[in-house]
Amino acid sequence: MRGVTHREPDDLPVVAPDRWFRVTEVGDGVTLVEEPHGGELLAANIWHVRGRDRDLVVDSGLGVVALRESLPWLFENDPVLVLSHAHLDHMGGAHEFADCRVHAAEVDEVRRPGPASLRTATLLDLLGLADDPAWALPDVALTALPHAGFDLDAYGLRGVPAARPLEEGDVVDLGDRTVTVLSLPGHTPGSLALLDGSGALFSGDVLYEGGLIDSCHGADVAAYRRTMERLLRPDLLGRDVTRVLPGHGRVLPPADAREIAAGYLASTRP
Ligand SMILES: [Zn+2]
Ligand SMILES: [Zn+2]
């Protein structure tokens, strides 16, 4: 495959599990957990929202390192895990949660996941992205290993047989705050975002800073365009949303998110 550079797993540094994730408070009871060693393709965000009766966790990382060992506080307040969609960098740790929810269109995938890989060429092939010349990536997706001798090829996703389906308009109640599900297909059929009462929009892979992916298996450009048009309507990014907490990259003010959505519409055809 074009652009893949060779990197042996043995060349990668080892980062202890307790330093695998990077934790940052972002205000209003929300904590960002990053997985930087997922590399360019797989370094995704986990969001933790403190609630009175329960906590909310949005997405669950790759599953390379056990969240319960590395971040035990994630589990202290009966967390409900909501997956933005069923890609490996977001659902890898889902099996660690007793209450896991995902859009109905992807609940089967979470209950019985397909194959996954940390080897870039295999992964891009599985995702349906192998022919995209835009990718110029090392042949191992990770930029570090969680322990010496880590077996890349033993990696796989564990299913969550008890995963529950979510639909547009469903509400997750944390006691003193609620979040509402927005069904925003395009990146995948079941891509969702969560909007909380304070105006935080957890946008998953629907909208983040950087190249948006609309050519993987299950992606749909026409649906993605409708999603961006919906986000740009006066109520959402124009009024209700005060900040966007995406699946990858930095927290976005609404003006930046509007620019990304408008840029997507300008660069794709109906
Ligand atoms: Zn994704
Ligand atoms: Zn992602």
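Owing to the predicted nature of the structure, the values given are computational and were not obtained by experimental measurement.

### Observations concerning the overall build of the chain
Along the backbone of the chain there are 8 helices and 12 strands. The C-alpha radius of gyration of the chain comes to 18 Å, within 12% of the 18 Å expected for a compact globule of 270 residues. Overall size of the chain, expressed as C-alpha extent along the three principal axes, is 50 × 45 × 30 Å. Expressed as a percentage of its 270 residues, the buried residues of the chain come to 54%. Put simply, of all contacts in the chain between residues at least 6 apart along the chain, 64% involve residues at least 24 apart. Carbon and sulfur atoms make up 49% of the accessible area of the chain, which amounts to about 11500 Å² in all. Separation between the mean location of the 24 positive side-chain charges and that of the 42 negative ones in the chain comes to 5 Å.

### Brief notes about the coordination of the zinc ion (ligand 2)
For the zinc ion (ligand 2), the full set of protein donor atoms is Asp 89 (OD), His 90 (NE2), Asp 205 (OD) and His 248 (NE2), at a range of 2.0 to 2.6 Å. Here the zinc ion (ligand 2) binds 4 donor atoms, and the angle range of 88 to 154° at the metal identifies the geometry as irregular. Written as a sequence motif, the donor residues of the zinc ion (ligand 2) are D-H-x114-D-x42-H. Distance-wise, the zinc ion (ligand 1) is placed 3.5 Å from the zinc ion (ligand 2), both being coordinated by Asp 205. Within this pair, whereas Asp 205 is found in the loop between strand 11 (200–204) and helix 6 (221–232), its partner His 248 is found in the loop between strand 12 (243–246) and helix 8 (254–267), the two being separated by 43 residues in sequence.

### Overview of the pattern of salt bridges
Enumeration over the complete set of coordinates arrives at 15 salt bridges. The partner of Asp 28 in a salt bridge is Arg 177, with the nearest N and O atoms 3.4 Å apart. Highlighted residues: Asp 28 in the loop between strand 1 (22–27) and strand 2 (30–34) and Arg 177 in the loop between strand 8 (171–173) and strand 9 (178–183), separated in sequence by 149 residues. Owing to a relative accessible area of 16%, Arg 177 belongs among the buried residues under this scheme. With a closest N to O distance of 2.9 Å, Glu 209 and Arg 250 form a salt bridge. Of this pair, Glu 209 sits in the loop between strand 11 and helix 6 while Arg 250 sits in the loop between strand 12 and helix 8, placing them 41 residues apart in sequence. Put simply, Arg 54, Asp 78, Asp 99, Arg 101 and Arg 164 are held in one network by salt bridges that share partners.

### Re the sheet that holds strand 11
Spatial strand order, 8-9-10-11-12: 5 strands in an open sheet with mixed pairing. Here the strands that pair on one side only, and so sit at the sheet edges, are strand 8 and strand 12. Going from strand to strand, the sheet's axes swing by 25° on average, the running direction of each strand aside. Relative to strand 9, strand 8 runs antiparallel, the two being bridged by 3 bridges. Among the inter-strand pairings, Asp 173 is bridged to a residue of strand 9, identified as Thr 178.

### Observations concerning the state of the cysteines
Scanning all chains against the criterion turns up 0 disulfides. Cys 100 takes part in no disulfide bond, and the closest cysteine sulfur, belonging to Cys 216, lies 19 Å away. Residue Cys 216 is classed as buried on the basis of its relative accessible area, which comes to 5%.

### With respect to the packing of aromatic side chains
In this description, a pair of aromatic rings is defined by centroid distance and the angle of the planes. For the coordinates displayed, the defined rule picks out 3 aromatic pairs. Look at Trp 47 and Phe 202: their rings are 6.1 Å apart centre to centre, the planes differ by 65°, and that puts the pair in the edge-to-face class. With Trp 47 in strand 3 (residues 45–49) and Phe 202 in strand 11, this pair connects stretches of sequence that are 155 residues apart. The pair Trp 47 / Phe 202 is uniform in exposure class, with both members buried.

What counts, and at which threshold
- Residues numbered from 1 in each chain as written.
- Chains lettered and ligands numbered in written order.
- Predicted model: local features only at pLDDT ≥ 70, side-chain atom pairs only at ≥ 80, totals over all residues.
- Heavy atoms only, no water.
- Helix = DSSP H or I, 4+ residues; strand = E, 2+ residues; numbered from the N terminus.
- Rg over C-alpha atoms; globule rule 2.2 N^0.38 Å.
- Buried < 20%, exposed > 50% of the residue type's maximum accessible area, 1.4 Å probe, protein only.
- Contact = heavy atoms within 4.5 Å.
- Areas by Shrake-Rupley, 256 points an atom, 1.4 Å probe, with all protein chains shown as cover.
- Lys, Arg positive; Asp, Glu negative; His and termini not counted.
- Charge placed at Lys NZ, Arg CZ, Asp CG, Glu CD.
- Donors = N, O, S within 2.8 Å, 3.2 Å for Na, K, Ca; no water.
- Tetrahedral: all angles 85-135°; square planar, octahedral: opposite > 155°, others 65-115°.
- Salt bridge = Lys/Arg side-chain N within 4 Å of Asp/Glu carboxyl O.
- Pairing = 2+ DSSP bridges.
- Axes fitted to C-alpha atoms, helices over the stretch in contact; angles between N-to-C directions.
- Disulfide = S-S within 2.5 Å.
- Phe/Tyr/Trp six-rings, centres within 6.5 Å; stacked < 30°, edge-to-face > 60°.

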